[in-house]
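# Structure assessment
Letter by letter, the chains look like this.
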Amino acid sequence: MARRGKKKGRPVSGWVVLDKPVGMGSTEAVSKIKWLFQAEKAGHAGTLDPLASGMLPIALGEATKTVPYVQDGAKVYRFTVAWGEERSTDDLEGPVTNSSDRRPAEAEVRALLPKYTGVIMQTPPQFSAIKIAGERAYDLAREGETVDIPAREIEIGRLDIVEHGADKTVFEIECGKGTYVRSLARDMGRDLGCFGHIAELRRVEVEPFTPEDFVTVAELEAARFGDKEEPNTDEAEAPIDFSAIDALLVETAAALDCLPQVAVSDDAATKIRLGNPVIIRGRDAPVEAEEACATARGKLVAIGAIEQGMFKPKRVFVG
């Protein structure tokens with residue numbers, strides 16, 4: 001008897017700007033969203049720890065081609081540092097490794113902020129996805145190994161105190177790619193002589209998305225199933241109306257707001273999708289650009305370069 005082929009997903013494209021709840025891993029979140037949309041392919045633009053909540057941009061279909069642009073975008077976090085304890089994971093998950101009865105005054109914490117603003121060197125946590133000799137640091141750490149992780153350059157645009165209490169301080173940070181907020185808590189605690197770890201962490205923004213783009217798992221489930229949590233067996237093979245859940249997607253092109261935009265005709269879009277360069281018309285069209293995106297009727301056509309008034313596609317998108 002012939003085996004039934006694996007069911008192929010839908011060629012749906014766009015971004016789900018998920019408000020990830022605490023306790024859900026990033027990979028688990030991607031699997032959940034892929035299943036809800038019955039998407040052919042999916043991926044996320046920047047891991048968020050299970051103990052953290054907030055913005056996890058998930059790309060579906062053609063949007064996966066734009067993931068690097070979102071990964072490189074600035075991020076905003078709201079986080080709480082609990083003073084008095086340093087932990088192996090630099091957050092609530094790990095056991096206490098150092099402790100102190102000392103607690104910093106707000107003035108002490110504020111005086112430290114300039115040291116952690118601008119371009120700085122930062123050593124990632126022992127429990128991180130950094131690869132050491134081909135292995136993830138967190139795998140080595142779980143085996144009890146202490147690994148030497150080299151410091152790397154990161155950029156912090158701003159670091160502000162939101163609220164200060166006797167045992168904890170709430171901060172908001174705007175930072176670039178590769179910043180570990182857990183390392184920040186660890187290093188500030190050491191500098192203040194009191195130790196510290198992350199007690200709460202929420203990612204508020206990932207450029208170019210904003211909190212207005214947020215959607216929750218519950219909202220997606222409601223759009224997918226209506227009043228029912230999941231379809232029953234009899235309904236499993238029935239045609240599914242995806243219009244309500246698809247309406248919650250953010251356009252693929254939104255991820256490329258950082259690039260010059262070029263509007264092209266339908267005929268030009270067809271040529272570009274076949275890999276051919278086209279002449280860019282219009283007085284506002286850029287003459288030169290290492291990277292730009294072409295759109296037709298508001299839909300993304302391609303990413304490419306503009307040279308001598310010609311748009312030359314490098315990566316095309318299915319219309």
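Structure: see above.
Below, the structure is looked at part by part.

Conventions we followed
Residues numbered from 1 in each chain as written. Predicted model: local features only at pLDDT ≥ 70, side-chain atom pairs only at ≥ 80, totals over all residues. Heavy atoms only, no water. Helix = DSSP H or I, 4+ residues; strand = E, 2+ residues; numbered from the N terminus. Buried < 20%, exposed > 50% of the residue type's maximum accessible area, 1.4 Å probe, protein only. Axes fitted to C-alpha atoms, helices over the stretch in contact; angles between N-to-C directions. Parallel < 35°, antiparallel > 145°, perpendicular 65-115°, else oblique. Left-handed = near helix turned anticlockwise from the far one by under 90°. Contact = heavy atoms within 4.5 Å. Salt bridge = Lys/Arg side-chain N within 4 Å of Asp/Glu carboxyl O. Pairing = 2+ DSSP bridges. Phe/Tyr/Trp six-rings, centres within 6.5 Å; stacked < 30°, edge-to-face > 60°.

## Quick word on the overall build of the protein chain
Scanning the protein chain from N- to C-terminus turns up eight helices and 17 strands. Counting the 319 residues in the protein chain, one finds 45% classified as buried.

## Focus: the packing of helix α1 (residues 26-37) against helix α6 (residues 217-225)
Following both chains from N to C, one finds α1 and α6 inclined at 20°, their axes separated by 10 Å at the closest point. Between α1 and α6, the angle is such that the two are roughly parallel. The two elements α1 and α6 meet at a crossing, and its hand is left-handed. Residues K32, I33, W35, L36 and F37 of α1 form the contact with α6, whose own contacting residues are V217, L220, E221, R224 and F225.

## Comments concerning unusual backbone geometry
With omega at 15°, the peptide bond leading from E207 into P208 counts as cis. Tracing the chain through its elements places P208 in the loop between β12 (196-206) and α6. One non-glycine residue, D90, lies in the positive phi region at around 65°. Here D90 shows up in the loop between β5 (85-87) and β6 (96-99). Judged by relative accessible area, which is 3%, D90 ranks as buried. Phi at Q308 takes a positive value of approximately 55°, unusual for a residue other than glycine. Topologically, Q308 is positioned in the loop between β16 (299-307) and β17 (310-316).

## Considering the pattern of salt bridges
Overall, the coordinates contain 22 salt bridges when judged by the stated rule. One salt bridge connects R110 with E106, and the closest N-O pair in it is separated by 2.6 Å. Of the two residues, R110 and E106 both sit in helix α3 (residues 106-112), four residues apart, roughly one turn of that helix.

## Concerning the pairing of strand β15 (residues 289-296)
In terms of burial, β15 is largely enclosed, as six of its eight residues are buried. Taken together, the three bridges between strand β13 (residues 261-263) and β15 define a ladder with parallel strand orientation. Bridged to A263 within β15 is T295. Pairing of β15 with β16, which is carried by six bridges, proceeds in the antiparallel orientation. Pairing of A294 across the sheet is with A302, part of β16. Where β15 folds back on β16, the antiparallel hairpin that results is connected by two residues, among which R297 adopts a positive phi of roughly 55°.

## Quick notes on the packing of aromatic side chains
Within a pair of aromatic rings, the relevant descriptors are the distance that separates the centres and the angle that separates the planes. Applying the stated criterion across every chain yields a total of three aromatic pairs. Relative to F225, the ring of W35 lies with its centre 5.8 Å away and its plane at 45°, an arrangement referred to as tilted. Of this pair, W35 sits in helix α1 while F225 is found in helix α6, placing the two residues 190 residues apart along the sequence. Ring centres of F79 and F171 lie 5.2 Å apart, and the angle between their planes is 20°; this geometry places the pair in the stacked category. On the criterion of sequence distance, the pair formed by F79 in strand β4 (residues 75-83) and F171 in strand β11 (residues 168-175) is long-range, its members being 92 residues apart.

## Some words on the side chain of E62
Looking at the element boundaries, E62 is found in the loop between β3 (53-60) and α2 (67-71). Not counting residues within four places of it along the chain, the set of residues in contact with E62 comprises S13, T252, V316, F317 and V318.

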